Amino acid sequence: SLWDLDLDGVNINDEGGKNLAHALSINKSLVALSLTCYRNGVSIGDNGLRALSLGLSRNTTLRSLDLSRNTAITAAGLRALKKYFRSPSCALENLRLLAINIGDEGARALANALGRNESVKSLCFGVRGITFKGWEAFLKL
């Protein structure tokens, strides 16, 4: 059974996000998923992330998710992860969001989505447009 899926550099797009979400909703072995983008800055955007979040909310095995360098992800996409982070099936421990300019709004959306989550232990993202106001949202976690 598959434990680690690396789709770095693959343009998942919205339709691919829906297909991947379905696969994740029935998968019982995957522990690491990487969707890092290297070329055009878009592997998955907000709509794909919304779809992915639905599939993830039924997955109990994923421990690590890397969405780094997906510049199309905004606060709206991060808000969509709230359902997943708050679902009882969420087992995610590591979330990587390197080189995404989420700004203060994205930081607040992510902090809000992570509220009441007990599984995420490691959050890694570069300082991209986040000021004190954005960082302040994480003080409540």
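That block above? That's the structure.
Residues numbered from 1 in each chain as written. Predicted model: local features only at pLDDT ≥ 70, side-chain atom pairs only at ≥ 80, totals over all residues. Heavy atoms only, no water.

### Notes on the nonpolar core
Counting residues in each nonpolar core, the largest one holds 37 residues, and the members touching the most others are Leu-33, Leu-35, Phe-85, Leu-92 and Leu-110. Put simply, the parts of the chain that give this core at least two residues each are helix 1 (13–26), helix 2 (46–56), helix 3 (75–80), helix 4 (82–86) and helix 5 (103–114). The element best represented in this core is helix 5, accounting for 6 residues. Apart from the residues within four sequence positions on either side, Phe-85 is in contact with Cys-90, Leu-92, Leu-95, Leu-110, Ala-113, Leu-114, Asn-117 and Val-120. (Core = buried A, V, L, I, M, F, W, Y, C linked by side-chain atoms within 4.5 Å. Buried < 20%, exposed > 50% of the residue type's maximum accessible area, 1.4 Å probe, protein only. Helix = DSSP H or I, 4+ residues; strand = E, 2+ residues; numbered from the N terminus. Contact = heavy atoms within 4.5 Å.)

### Thoughts on unusual backbone geometry
Located in the positive-phi region is Arg-69, a residue other than glycine, with phi close to 70°. Assignment of secondary structure puts Arg-69 in the loop between strand 3 (64–66) and helix 3.

### Regarding the sheet that holds strand 2 (residues 32–34)
Pairing between sheet strands relies on hydrogen bonds along the backbone, with the strands arranged either parallel or antiparallel. If you walk across this open sheet you meet the 5 strands as 1-2-3-4-5, and the pairing is parallel. Strand pairing shows two members of the sheet lacking a second neighbour, strand 1 (4–6) and strand 5 (122–124), which therefore form its edges. Here the strands of the sheet are splayed against their neighbours by 5° on average, with no regard to which way each runs. Taken together, the 3 bridges between strand 3 and strand 4 (residues 94–96) define a ladder with parallel strand orientation. Across the sheet, the residue bridging to Asp-66 is Arg-96, located in strand 4. (Pairing = 2+ DSSP bridges. Axes fitted to C-alpha atoms, helices over the stretch in contact; angles between N-to-C directions.)

### Things to note about the packing of helix 1 against helix 2
Close contact between helix 1 and helix 2 brings their axes to 7 Å; oriented N to C, the two are set at 5°. By the criterion of interaxial angle, the relationship of helix 1 to helix 2 is roughly parallel. Residues Asn-13, Asp-14, Gly-17, Lys-18, Leu-20, Ala-21, Leu-24 and Ser-25 of helix 1 touch helix 2, and the partners they reach there are Asn-47, Gly-48, Ala-51, Leu-52, Gly-55 and Leu-56. Tallied by class, the residues present in the contact of helix 1 with helix 2 amount to 6 nonpolar, 6 polar and 2 charged. (Parallel < 35°, antiparallel > 145°, perpendicular 65-115°, else oblique. Nonpolar A, V, L, I, M, F, W, Y, C, P; charged D, E, K, R; others polar.)

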